[in-house]
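Descriptive analysis of the structure
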Amino acid sequence: LKKENLDLSFTKSNMILFGESGSGKTLILKEIATIINKPIVIIDITTLTESGYVRLDVSTIFQDLYIAADRSIERMEEGIIVFDEIDKLGSRLNKNGTNPIQQELLTILEGRKVQFQENAVNMNNNEEILEIDTTNILFIGIGAFTSLFQNKEKETSFGFGEHKLISKTITQDDFVKYGLMKEFV
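Calculation notes
- Residues numbered from 1 in each chain as written.
- Predicted model: local features only at pLDDT ≥ 70, side-chain atom pairs only at ≥ 80, totals over all residues.
- Heavy atoms only, no water.
- Phe/Tyr/Trp six-rings, centres within 6.5 Å; stacked < 30°, edge-to-face > 60°.
- Helix = DSSP H or I, 4+ residues; strand = E, 2+ residues; numbered from the N terminus.
- Buried < 20%, exposed > 50% of the residue type's maximum accessible area, 1.4 Å probe, protein only.
- Pairing = 2+ DSSP bridges.
- Axes fitted to C-alpha atoms, helices over the stretch in contact; angles between N-to-C directions.
- Contact = heavy atoms within 4.5 Å.
- Polar contact = N/O pair within 3.5 Å; in protein donor to acceptor, adjacent residues only side chain to side chain.
- 1 Å grid on protein atoms, 1.4 Å probe; cavity = no way out; pocket = protein on both sides within 12 Å on 5 of 7 lines; lining within 4 Å.
- Points joined across faces, edges and corners; volume = space filled by probe spheres on them.
- Nonpolar A, V, L, I, M, F, W, Y, C, P; charged D, E, K, R; others polar.
- Salt bridge = Lys/Arg side-chain N within 4 Å of Asp/Glu carboxyl O.

**As for the packing of aromatic side chains**
- One pass over the full model with this rule turns up seven aromatic pairs.
- Pairing Phe83 with Phe139 gives two aromatic rings, centres 6.0 Å apart and planes at 5°, and the pair type is stacked. Highlighted residues: Phe83 in strand E3 (residues 80–84) and Phe139 in strand E6 (residues 138–143), separated in sequence by 56 residues.
- For Phe83, a relative accessible area of 2% translates into the label buried.
- Every member of this aromatic cluster is reached through a ring pair, and the members are Phe18, Phe145, Phe175 and Tyr178.

**Comments concerning the sheet that holds E6**
- As summarised here, the arrangement of the four strands in space is E1-E6-E3-E2, forming an open sheet in which the pairing is parallel. The sheet is open, and its two borders are formed by strand E1 (15–18) and strand E2 (40–44), each paired with just one other strand. The sheet shows a mean angle of 25° between the axes of neighbouring strands, direction not considered.
- Relative to E6, E3 is paired through five bridges, and the arrangement is parallel. The residue of E6 that forms the bridge with Asp84 is Ile142.

**Here we look at the environment of Thr135**
- Considering the arrangement of structural elements, one finds Thr135 in the loop between strand E5 (129–133) and E6.
- A relative accessible area of 38% means that Thr135 is categorised as partly exposed.
- Between the C-alpha atom of Thr135 and that of Glu77, which follows or precedes it by 58 residues, the distance is 7.7 Å.
- For Thr135, the contacting residues outside a window of four places in its chain are Lys12, Gly111 and Arg112.
- Among the polar contacts listed, one links the side chain of Thr135 to the side chain of Asp133, at a separation of 2.6 Å.

**Some remarks on the layout of surface pockets**
- One number sums up the size of the largest pocket: a volume of about 250 Å³.
- Looking at the largest pocket, it is lined by 16 residues, and the ones nearest its centre are Asn14, Met15, Ile16, Phe184 and Val185.
- Of all the secondary-structure elements, those providing two or more residues to the lining of the largest pocket are E1, helix H4 (100–109), E6 and helix H5 (172–178).
- Looking at the lining of the largest pocket residue by residue, the classes come out as 11 nonpolar, three polar and two charged.

**Re unusual backbone geometry**
- Positive phi outside glycine occurs at Asn37, with the angle close to 55°.
- Classification of Asn37 as exposed rests on a relative accessible area of 53%.
- Despite not being glycine, Phe145 has its phi angle at roughly 45°, a positive value.
- Along the chain, Phe145 turns up in the loop between E6 and strand E7 (153–158).

**Observations regarding the pairing of E3**
- Summarising burial for E3: four of the five residues are buried, a large majority.
- In this structure, E2 lies alongside E3, joined through five bridges in parallel fashion. For Ile40, the partnering residue across the bridge sits in E3 and is Ile80.

**Describing the pattern of salt bridges**
- In this structure the tally under the stated criterion is four salt bridges.
- Note that Glu78 is salt-bridged to Lys38, the shortest N-O span being 3.0 Å. Within this pair, whereas Glu78 is found in the loop between helix H3 (73–76) and E3, its partner Lys38 is found in the loop between helix H1 (25–35) and E2, the two being separated by 40 residues in sequence.
- Relative accessible area serves as the criterion here: at 41%, Glu78 is assigned to the partly exposed category.
- Its salt-bridge partner being Glu85, residue Lys88 comes within 2.7 Å of it at the nearest N-O pair.

**What about H4?**
- The element H4 is extensively covered by neighbouring structure, given that eight of its 10 residues are classed as buried.
- Listed as buried for H4 are Pro100, Ile101, Gln102, Glu104, Leu105, Leu106, Ile108 and Leu109.
- Packed against the buried residues of H4 are helix H2 (60–68), E3, strand E4 (113–117) and E6.
- Just downstream of H4, Gly111 is the residue with a positive phi angle, here 90°.

Dropping the structure here:
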């Protein structure tokens, strides 16, 4: 494939990509972003916390994408945000049995205008506030979801019995049982 010969456009469809650790999920997404010439950021979901707490909150995601998009709002609004370790969200419930981080992420996944400051380190009232629309940003969650594969394996022989195929059927309900909000998957 030669990038200059490609005339690609795509319709946004957020997704979850799962597979064993080290299987190349992140590498594949980086390569696709390069081929279609879209800015991409990969956020370790375990570094996020609720707004108002010390660590990164959901609004800091946009600062990273802004930099990856060469500080262009237009390119940013067609970028890709990858949430790595998304499988860890299922285990991070608060005392009410909900996950505030999932709730905050859901608001941006649905497409809305979000404000952020360019500089995460030196956020102050004098800095310009930037605004983007998340409607066309592609959000991809990736993770191993190792326990989803337990009790999902079905061994089948094909050919002359020398080859075995292990098939695993995972449904949206499995992700909900894992701890992700239904609206999230």
